[in-house]
Every structure is written in C-alpha cells, then in structure tokens.
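Chains, contacts and geometry: an overview
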Amino acid sequence: GDLLDEGSGSLNALELHEALARIGAQLDTEVGSDATMLELTTLERHAEQGVTLLADMALRPRFEQRDFDRVRDLRLNRLIQLRDMPSALADRVFAELLFKTHPYGHLPIGTEGALRAMTLRDVTGFHERIYGPSAVTIVAIGDASHGRLRELVDRAFSDWVSAKPPPDPPADPLAAHPVPGGPARLAVVNRAAAPQSELRIGHVGPPRSTPDYHALLVLNMVLGGQFVSRINLNLREKKGYTYGARTSFDFRRAPGPFTLQASVQSEATADAVREAI
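In this report, the structure presented in the accompanying data block is examined. (Residues numbered from 1 in each chain as written. Predicted model: local features only at pLDDT ≥ 70, side-chain atom pairs only at ≥ 80, totals over all residues. Heavy atoms only, no water.)

**Side note on the overall build of the chain**
Across its full length, the chain holds ten helices and seven strands. Considering the chain as a whole, with its 277 residues, one finds that 34% of them fall into the buried category. Considering only residue pairs separated by 6 or more positions, the chain has 69% of its internal contacts joining residues 24 or more positions apart. Roughly 17,100 Å² of accessible area belongs to the chain as shown, and the carbon and sulfur atoms make up 55% of that amount. (Helix = DSSP H or I, 4+ residues; strand = E, 2+ residues; numbered from the N terminus. Buried < 20%, exposed > 50% of the residue type's maximum accessible area, 1.4 Å probe, protein only. Contact = heavy atoms within 4.5 Å. Areas by Shrake-Rupley, 256 points an atom, 1.4 Å probe, with all protein chains shown as cover.)

Below, the structure is given as structure tokens:
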C-alpha cells in the first residue's frame, strides 16, 4: 500500500506527486483489515487526469528496490517507536487475544519479523496475485453525470486484465478462518513507567452484514460513541478518571471487534474497569 504512490507507469515517485500537485489532488492510502483503499480527490475539471493517475497506481506500480528498502525501513522504525507507546501495545495485545491466529489477530501495520523477512518479490507477487479487476470496487462521485463518470473510469481501467484466473472458491479469504470465541479473560501487561493505564474491554462483535447494523450504530452512540455518551460522562465527567473514553463497533466482512477504549489514571485502574463494565 505504501509503495503504490512511489512511482507508477512512466512516472517516478517525485514525478507522480508533482503530477498530483498540479491538479490540486489529495491522495490517501489506507490498508485496513479487509481491503486496501486508494482515495483521490480533485476538482471536477481535473477528473480525467486524476482517474488516470489513480489507475496507474493500482495497475502499474513500479516497485523499485530502493523504494521498497526505504519504505520498509520507515515502517520498521515506526514499529520500534510503537514499542514504547502503551496505547499501541494495548491495541496489539487486544487484537491478539481476541482473534488469535485469525487474520484479524494482528494490526495492519504488521510485525517486525514479517517486515524484516519480506522481499520485493513478496510485494510484487502479492500485487500480481491479489490486485485484479475481479476483486476491485470503484466508487466515483462528483459534479458530473453518471455517464461521464462511467466513461472516465472505463477509459482509465479498460486495459486491466487479470494475469491469472480468479482464485477457486471460497472467494472470501476469511471463509477458511472462523472467528475464535472463548471465555472472558483478564490480561495485565506491564509497561514500566507508563504514566497511565490503557484499558481495552470488548469482545468479538457482528460483521457489517448483520441485520442489526443500524440499531447497533444507535446503541453505540448512546453507550460510548460521542462526548455525551454514558461511558464518557461517567468515567470523565463524573469520576474524573480519564480525559476521554469511547466505545466502537468495527464492522468488517467477518465479525469484528467491539471495543471500549480509555486511558485512565493508574491508581483508578480497577475502579475504572468496574465502572466501565
């Protein structure tokens, strides 16, 4: 995901970002639990150039060795920094305990061992195997007719042909990985000199396809999805344990986590857990 804008088609990284800057485009790349998303925003009069650049990034990334080495080193350095961040440690342990060996059991940023072992061939092979027209969804929104937007997308992506046939069923890569369940557990992780306690309380929740999706959105807003929700008013406003506490459902293709998250005063850890529950 980080390498997609490090040069594509006939443009190197600098030339690509200069081309984006000339049309005032904003590019965002997000690697999530279920998908990689490339998002580009620009003025409607530059839509054709924008879609063409976006297609080049998805279809024809250059994947040069020096860019791979630099990006991998940056991510390794970031992971080393995160070792000392109690919030990042809590997120990692929570995911591992909740999902174990399931693909959701690690954070999208990866692990030091996996990054050190990775080669450029691993990246190019993944792109050849996974990135293809049978797996992509394109959403186009703007000040243009449906026909105009469809024409722009068709022109930019028309030569996208899979190098290999689609994988055999199950097409859903999560189908072979049932989400684990289990009894309630308490995990205490020592982080020397941590200024506060990081709390993660939750369980495996429903997938995005649940018929209760909208009801759960409302439920979460009442419970911990906004400043005036019950959790925040209790732990922050009434008890003074934290600067903020929140809850969230992470709706994914497979059942994702429901999480209560708060950073609380160390001496109030047990009381904050009791109030949260």
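**Some remarks on the pattern of salt bridges**
All chains considered together, the criterion is met by 20 salt bridges. Taking the shortest distance from any N to any O, the salt bridge between Arg-155 and Glu-48 comes out at 2.7 Å. In this pair, Arg-155 is assigned in helix α7 (residues 146–157) and Glu-48 in helix α2 (residues 47–59), connecting sequence segments 107 residues apart. Residue classification places Arg-155 among the partly exposed positions, given a relative accessible area of 41%. Measuring nitrogen to oxygen at the nearest pair gives 2.7 Å for the salt bridge that ties Asp-271 to Arg-274. Placement of the pair is Asp-271 and Arg-274 together in helix α10 (residues 269–276), with a separation of three residues, close to one helical turn. (Salt bridge = Lys/Arg side-chain N within 4 Å of Asp/Glu carboxyl O.)

**Let's talk about helix α4 (residues 86–99)**
With 14 residues, α4 should cover 20 Å at 1.5 Å per step; its first-to-last C-alpha distance of 20 Å lies within 8% of that length. Listing the buried residues of α4 in full gives Ala-88, Leu-89, Ala-90, Val-93, Phe-94, Ala-95, Leu-98 and Phe-99. Structurally, α4 contributes buried residues whose contacts are with α3 (65–82), β5 (196–204) and β7 (257–265). Note on α4: the residue one or two positions beyond its end, Lys-100, has a positive phi of about 50 degrees. (Expected span 1.5 Å × (residues − 1).)

**Focus: the packing of aromatic side chains**
In the structure shown here, the tally under the stated rule is six aromatic pairs. Considering the side-chain rings of Phe-249 and Phe-251, the 5.5 Å spacing of their centres and the 20 degrees angle between planes classify their relative orientation as stacked. Ring geometry for Phe-249 and Phe-258: centres 4.7 Å apart, planes at 45 degrees, overall tilted. Residue classification places Phe-258 among the buried positions, given a relative accessible area of 11%. An aromatic cluster of at least three residues, connected via ring pairs, comprises Tyr-213, Phe-249, Phe-251 and Phe-258. Here Arg-208 stacks its cationic end above the ring of Tyr-213, 3.5 Å away from the centre of that ring. Directly above the aromatic system of Tyr-104 lies the positively charged group of Arg-252, at a separation of 4.6 Å from the ring centroid. (Phe/Tyr/Trp six-rings, centres within 6.5 Å; stacked < 30°, edge-to-face > 60°. Lys NZ or Arg CZ within 6 Å of the ring centre and 35° of its normal.)

**As for the environment of Ala-19**
Its location among the elements puts Ala-19 in helix α1 (residues 13–22). Measuring from C-alpha to C-alpha, the distance between Ala-19 and Val-188 comes to 50 Å, with 169 residues separating the pair along the chain. Discounting chain neighbours no more than four positions away, the residues touching Ala-19 are Leu-11 and Leu-53.

**Observations concerning a nonpolar patch on the surface**
A cluster of nonpolar side chains, namely Phe-227, Val-228 and Leu-233, defines an oily patch on the protein surface of about 280 Å² accessible area. Here Leu-233 shows up in helix α9 (residues 230–238). (Patch = residues over 30% accessible without salt bridge, like charges linked within 9 Å, V, L, I, M, F, W, Y side chains within 5 Å.)

**With respect to the nonpolar core**
If you look at the biggest cluster of nonpolar residues, it comprises eleven residues: Leu-199, Ile-231, Leu-235, Tyr-241, Ala-245, Leu-260, Ala-262, Val-264, Ala-268, Ala-272 and Ala-276. Of all the elements in the fold, those that place two or more residues in this core are α9, β7 and α10. At three residues, β7 tops the list of elements feeding residues into this core. One finds Leu-16, Ala-19, Ala-25 and Leu-27 within the second-largest nonpolar core, a separate group that totals nine residues. (Core = buried A, V, L, I, M, F, W, Y, C linked by side-chain atoms within 4.5 Å.)

**Points about unusual backbone geometry**
Glycine aside, negative phi is the norm for most residues, and most peptide bonds take the trans geometry. We note that Phe-63 has phi near 50 degrees; this positive angle belongs to a residue other than glycine. As for its placement among the helices and strands, Phe-63 is situated in the loop between α2 and α3. Positive phi outside glycine occurs at Lys-100, with the angle close to 50 degrees. Mapped onto the secondary structure, Lys-100 falls in the loop between α4 and α5 (112–117).

**Overview of the sheet that holds strand β6 (residues 242–249)**
Here we have three strands laid out as an open sheet, ordered β5-β7-β6, and antiparallel in their pairing. The open sheet terminates on both sides in strands that have one partner only, identified here as β5 and β6. For this sheet the average axis-to-axis angle between neighbouring strands, irrespective of direction, equals 10 degrees. Sheet analysis places β5 next to β7, joined by nine bridges and oriented antiparallel. Residue Gly-202 lies in a different strand from β7, and its bridge partner there is Thr-259. Sitting on the sheet, α10 touches β5 and β7, and the angle it makes with β5 is about 30 degrees. (Pairing = 2+ DSSP bridges. Axes fitted to C-alpha atoms, helices over the stretch in contact; angles between N-to-C directions.)

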